[in-house]
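Residue-level structural notes
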Amino acid sequence: MLIKLTRQNNKDESHVCPEKSVCVKFSGFLRLVTIASVLISGACFAASLETGSGKMDVPVTVRIDNAIEYQEIAGFGATTLAGIMLTENGLRDMLGATLRHQAIKAVYHDVGLTLGSLELWLEPANDNNDPMLINKDGFQWGTSNAMHDLLVRPARAYGFSNYSLGLKIDMRRELRWMDELRERDYSRYLQEVAEYVAAGVLHWQEITGAAPRLITLFNEPLSGNRELRGGSKHEIVDIIKSAGERLRAEGFARTRFIVPAEETVAKSIDTIESILADEDARSYIGALAYHAYPYDSAYSSVRRILQTSGRGLPDHDEIRIRQRLYELAAGYDIPVWMTETSEGPGRADYPFGSAENLRARANHIHDELVYANASAYFAMYDMWDRQSHDAHFKDRGIDFFSQSSHIALVDQRASEVHITGIGFAVGHFARWIKPGSLRINAESDNQLVKVIAFRSDRQNELALVVINNSSFEVEMDFAMKNMALQGTVKGEYSDRSNRWKQLPPLTLSDNASFRLTVGPTSVTSLSATLINPG
């Protein structure tokens, strides 16, 4: 058996979002001016991006200000699959013990995912005629039990604990029996939906001994997949209130929903506005989720990410709509999560294992955390295996290794686990940025060299991620404000030839500065110990 951790052969970003604890508050007009300056200055720097190599003539200066705080980071994740398939003959283990162990270690230890949404399927037919009385024998618990035994329990050893239950209202398949009831008796339908959610939560508490903190209630309900099939924003609000009320009646007063996770930021905002307008529905919300689609758009396509954000020219419409989403959520102090991105099946712009996949997704993560103030970033799936791929796509001619948007690919044919480009990109953040860290202000004077900074009070650490989008080696001078460092700076980098390669320890110039040279088209993660944390 072999686990692949290497390639398979074959800003000024300042104050785009309002600060959490502010030194200066910006008006809406000034925010737009700031965004415009990002785009204009980016155009100037992009003009210098060449295909040659060498060293950039002028050092890049980076200023980190500990006094300017933004969002708290919840973590990094993906929709959680366990390598199981539900068939007519019951559940089938697609991986086996050895490959499963390697896949879980790759995803949750090596990459460092701490978040996830567990894919559960529970009620293919109505359990009984009384939605207020749960008949446990009327539900299929095999998937949730297997998810716990085969993935959650072994992944817990690597820190995977902050997951949500994927009790999604999907009227296309799992809950299609509710469709007729919805038309005939809407109130009863809402009660049945609430029972479905409550039953899943009660069972999970029974097998784990703990109540789930979060529930993923929808996945593209009115757009994209259209899983609510003919539903409306009004119906989404009603479902949230009905399910939330039922959970409270069952004793789960602290459990909250992640909603609505529509296909695009714009569609998500449209649904979110209806949810937040209802005070009762709003009280059940734990995070406001969105997806980064449609396919071939600025943050779905790897090629487009590199052509825009990767050249210092992030798409201005995408920036502005993310700013709108953040401001909407901030008005109610609710975090924003980006919970799905993918190029789409068979749409890979670059070969599997290419450095472009890694660098593009690192740029994407940076932009979601900066422009949307997102507290969480998700890939598509935590793992995807060849047998499931072949069964799902059948004769569509989609190559297994075109799937670069999942954290890891499990190839049963070769008995190998491959970390993907997005997996390595996520790892540059998840391996270094602890949940609960605060993003703090980081300003680079070169738009092609992005820097994002985080402070962990619990770990007493500063973490940085540097993305050099230029084709030149860059000498960088880091200057700290309102903080002091001690010891040495440690880190790792990825470039065209390396993945997560450890850097030699860096010596501080003094307790508020250090110098680093980064290679062309590279991603580097750094951490240092703070003397006086925030």
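This text follows the structure it describes.
So, here's what we can say about the structure. In this text, all values refer to a predicted model and were calculated from it rather than measured experimentally.

Within this structure, the stated rule accounts for 31 salt bridges. Note that Glu69 and Arg455 form a salt bridge whose closest N and O atoms lie 2.9 Å from each other. A residue pair is termed long-range when its members are at least 10 positions apart, and Glu69 in strand β2 (residues 60-72) and Arg455 in strand β17 (residues 449-456) qualify at 386 residues. For the pair Glu69 and Arg455, one class covers both residues: buried. When the shortest N-O distance is used, the salt bridge between Glu180 and Arg184 registers 2.7 Å. Of this pair, Glu180 and Arg184 both sit in helix α4 (residues 178-184), separated by 4 residues, roughly a single helical turn. According to the relative accessible area criterion, Glu180 is partly exposed, its value standing at 46%. Judged by relative accessible area, Arg184 falls into the exposed class, the value being 55%. Bridged by salt links that share partners, the residues Lys55, Glu475, Asp477 and Arg515 form one connected network.

Here we come to the sheet that holds strand β10 (residues 285-291). Reading around the circumference, β3-β6-β7-β8-β9-β10-β11-β12 is the order of the 8 strands in this closed barrel, with parallel pairing throughout. Here the strands of the sheet are splayed against their neighbours by 25 degrees on average, with no regard to which way each runs. Pairing geometry for strand β11 (residues 336-340) and strand β12 (residues 376-381), over 2 bridges, is parallel. For Trp337, the partnering residue across the bridge sits in β12 and is Ala376. Sheet contacts for helix α6 (residues 233-249): β8 (214-216), β9 (256-262) and β10; angle to β9, the most-contacted strand, approximately 160 degrees.

This next bit is on the side chain of His389. Along the chain, the position of His389 falls in helix α12 (residues 386-393). Given the relative accessible area of 1%, His389 is considered buried. Here Trp384 takes part through its side chain, which lies 3.2 Å from a polar atom of the side chain of His389. Beyond its immediate stretch of four places on either side in the chain, His389 contacts Trp384, Lys394, Ile398, Asp399, Phe400 and Gln403.

Along the polypeptide, Asn363 turns up in helix α11 (residues 355-371). A polar side-chain atom of Asn363 sits 2.9 Å from a polar atom in the side chain of Asn469.

What counts and what doesn't
Residues numbered from 1 in each chain as written. Predicted model: local features only at pLDDT ≥ 70, side-chain atom pairs only at ≥ 80, totals over all residues. Heavy atoms only, no water. Salt bridge = Lys/Arg side-chain N within 4 Å of Asp/Glu carboxyl O. Helix = DSSP H or I, 4+ residues; strand = E, 2+ residues; numbered from the N terminus. Buried < 20%, exposed > 50% of the residue type's maximum accessible area, 1.4 Å probe, protein only. Pairing = 2+ DSSP bridges. Axes fitted to C-alpha atoms, helices over the stretch in contact; angles between N-to-C directions. Contact = heavy atoms within 4.5 Å. Polar contact = N/O pair within 3.5 Å; in protein donor to acceptor, adjacent residues only side chain to side chain.

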